[in-house]
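# Summary of the model geometry
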Amino acid sequence: MTDATDVNYSKRSSWRRLTVFSLAFIALTAIGLYVVYDVFAERSFSFDANLLSPQMLAAVGGLLFIYFLSDGLRLYFTLKALGHQMPLGTMFRLVFLNLFFSNVTPMATGGGFAQIWYLHHHGVPVGRATAATTIRTVLAVFFIFSLTPVCLVTLDALDGNTIAGEVGMALAVFVLIYLGFFTVLLLRTHWLIRPLSRFLKRLHHFHLLSDDRHRHWQFKARREMLRFSRSFRDYLGGRPLFICLSILFTMIFLLSLFSFPALLIHGLGYDVDYLISLGLLVVTTFIMYFAPTPGASGISEGVFGSFFRDILSGNHLILVIVSWRLLTIYLGMLIGLVVLQRELIKNRRK
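Here, residues in each chain are numbered from 1, in the same order as that chain's written sequence. The predicted nature of this model means local features are confined to residues of pLDDT at least 70 and side-chain atom pairs, given and counted, to a pLDDT of 80 or more, with totals for whole chains, interfaces and linings taken over all residues. Hydrogens and waters are ignored; side-chain quantities use all the structure's heavy atoms.

## Some points on unusual backbone geometry
In plain terms, the rule: Think of it this way: any DSSP run of H or I at least four residues long counts as a helix, any run of E at least two long counts as a strand, and we number them from the N terminus.
Not every positive phi belongs to a glycine, and Glu-42 is a case in point at roughly 55°. Along the polypeptide, Glu-42 turns up in the loop between helix 1 (2-40) and helix 2 (54-81).

## Quick notes on the side chain of Thr-133
Stated precisely, the cut-off is as follows: Relative accessibility decides the category of a residue: with a 1.4 Å probe and only protein chains considered, values under 20% of the type maximum give buried, values over 50% give exposed, and everything between is partly exposed. Two N or O atoms form a polar contact when they lie within 3.5 Å of each other; inside protein one atom must be a possible hydrogen donor and the other a possible acceptor, and for residues adjacent in sequence the pair counts only when both atoms belong to side chains. A contact between two residues is defined here by any heavy atoms of the two lying within 4.5 Å.
Position of Thr-133 among the secondary structure elements: in helix 5 (residues 126-154). Judged by relative accessible area, Thr-133 falls into the buried class, the value being 5%. Polar contacts involving the side chain of Thr-133 include one to the main-chain carbonyl oxygen of Thr-130, which spans 3.1 Å. Excluding residues within four positions of it along the chain, Thr-133 makes contact with Leu-75, Gln-115, Ile-116 and Leu-119.

## Let's talk about the pattern of salt bridges
Selection rule: Just to be clear on terms, a salt bridge is a Lys or Arg side-chain nitrogen sitting within 4 Å of an Asp or Glu carboxyl oxygen.
If you walk through the whole model with that rule in mind, you get 6 salt bridges. For Asp-212, the salt bridge goes to Arg-215, with nearest N and O atoms at 2.4 Å. In this pair, Asp-212 and Arg-215 are both assigned in helix 8 (residues 211-236), 3 residues apart and thus about one turn of the helix distant. With respect to class, Asp-212 is no different from Arg-215; both count as exposed.

## Some remarks on the packing of aromatic side chains
Going by this rule: Stacked, edge-to-face and tilted are the three classes for Phe, Tyr and Trp ring pairs, Trp counted by its six-membered ring, which pair at centre distances within 6.5 Å; planes under 30 degrees apart are stacked, over 60 edge-to-face, the rest tilted. Sitting over a ring, as applied to charges here, requires NZ of Lys or CZ of Arg to be within 6 Å of the ring centre and within 35 degrees of the ring normal.
For the structure on display, the rule yields 16 aromatic pairs. Aromatic side chains Phe-142 and Phe-143 sit 5.8 Å apart centroid to centroid with 70° between the ring planes, which places their arrangement in the edge-to-face category. A centroid spacing of 4.2 Å and a plane angle of 10° characterise the contact between Phe-304 and Phe-308, whose relative ring orientation is stacked. Placement of both Phe-304 and Phe-308 in helix 11 (residues 299-308) is noted, with a separation of 4 residues, approximately one turn of the helix. Across this residue pair, the class does not change: Phe-304 and Phe-308 are buried. Linked through ring pairs, Tyr-67, Phe-68, Phe-96, Phe-253 and Phe-260 together constitute an aromatic cluster. Over the aromatic face of Phe-253 sits the side chain of Arg-74, whose NZ or CZ is 4.0 Å from the ring centroid.

## Thoughts on the packing of helix 5 against helix 9 (residues 240-267)
Rule in force here: Only the stretch in contact is used when fitting a helix axis, every axis being a line fitted to C-alpha atoms; angles between N-to-C directions are given from 0 to 180 degrees. Note on terminology: angles under 35 degrees are roughly parallel, angles over 145 are roughly antiparallel, angles of 65 to 115 are roughly perpendicular, and the others are oblique. The sense of a crossing depends on the near helix, which, turned anticlockwise from the far helix by less than a right angle, makes the crossing left-handed and, turned clockwise, makes it right-handed. Charged residues are taken to be Asp, Glu, Lys and Arg, nonpolar residues to be Ala, Val, Leu, Ile, Met, Phe, Trp, Tyr, Cys and Pro, and polar residues to be all remaining types, Gly included.
Contact geometry for helix 5 and helix 9: axes closest at 10 Å, N-to-C directions at 55°. It follows from the interaxial angle that helix 5 and helix 9 lie oblique. Crossing handedness for the pair helix 5 and helix 9: right-handed. Where helix 5 abuts helix 9, its residues Leu-139, Ala-140, Phe-143 and Ile-144 lie against Ser-246, Ile-247, Thr-250, Met-251, Leu-254 and Phe-258. When the residues that make up the contact of helix 5 with helix 9 are grouped by side-chain class, the tally is 8 nonpolar, 2 polar and no charged.

Now the structure itself:
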């Protein structure tokens with residue numbers, strides 16, 4: 001009876017946290033949009049029916065299809081390089097679950113855990129699932145971090161921009177942290193195991209972990225970190241075709257993600273330079289990686305407004321921001337919420 005009560009309490013607590021994060025996402029998004037409306041859009045807004053023209057809807061639909069498809073295939077081929085075959089239907093449900101959880105949890109922390117849980121639920125070991133989702137993320141981060149310095153140096157549109165000027169130091173620090181962590185993880189895994197083991201011992205010492213749980217987590221932490229490190233090596237030793245396809249679809253995913261604003265701006269009748277729009281989105285996405293808010297809510301809208309205010313008229317700035325976030329985030333989140341409900345109902349029946 002006690003175990004069942006604990007499980008029910010844990011579920012209620014998880015849903016409460018999820019609800020709080022979702023409300024925070026909505027509130028921060030509204031604040032960000034208001035700041036853009038007040039500061040950058042000169043309190044001007046108007047809807048433009050050109051965004052609903054048949055040609056525009058067809059173009060947006062095609063780009064959305066490529067966006068969601070490539071997102072699923074980049075993880076699909078990463079898993080195949082690691083020796084795991086997953087049904088494509090499962091992979092695409094995972095795309096939307098990730099979009100939902102990563103955007104309602106701070107620093108996108110929930111997306112990774114949700115994907116690992118889902119993959120493990122479908123037969124992938126935790127270490128492999130962790131490696132697959134991390135490799136998928138690292139590939140995207142590599143492209144974004146490589147392109148951001150180029151964009152900061154070459155884009156005239158960023159000259160004199162306060163936000164862009166402050167990114168340089170953050171870029172250097174974050175790149176060093178990422179490179180340092182993954183170098184240690186791959187080449188000196190025991191350097192991470194030792195401090196983690198000491199941390200668990202301290203928890204046990206202060207009676208925050210029972211004897212059984214302490215032994216369990218000591219064993220599990222060591223095992224999964226070693227599996228995790230080994231999985232990176234297995235990925236690099238996997239079939240070259242699957243490695244190349246995972247990289248290719250990562251590139252297609254990012255290109256489609258960064259192309260939405262250019263498509264929307266073109267649809268509104270502006271003569272937009274595609275490369276400039278692409279570069280501004282690369283830097284915007286990089287800054288979003290540092291955002292502590294759920295789904296970078298509030299911050300993404302503010303950064304976008306700051307970067308695109310000289311390209312768009314005030315009455316179209318809010319319209320493009322909302323449309324951009326609707327297509328790349330909100331739509332996927334809503335589908336993810338439906339998928340989550342169906343998965344939970346399915347699990348209850350089992």
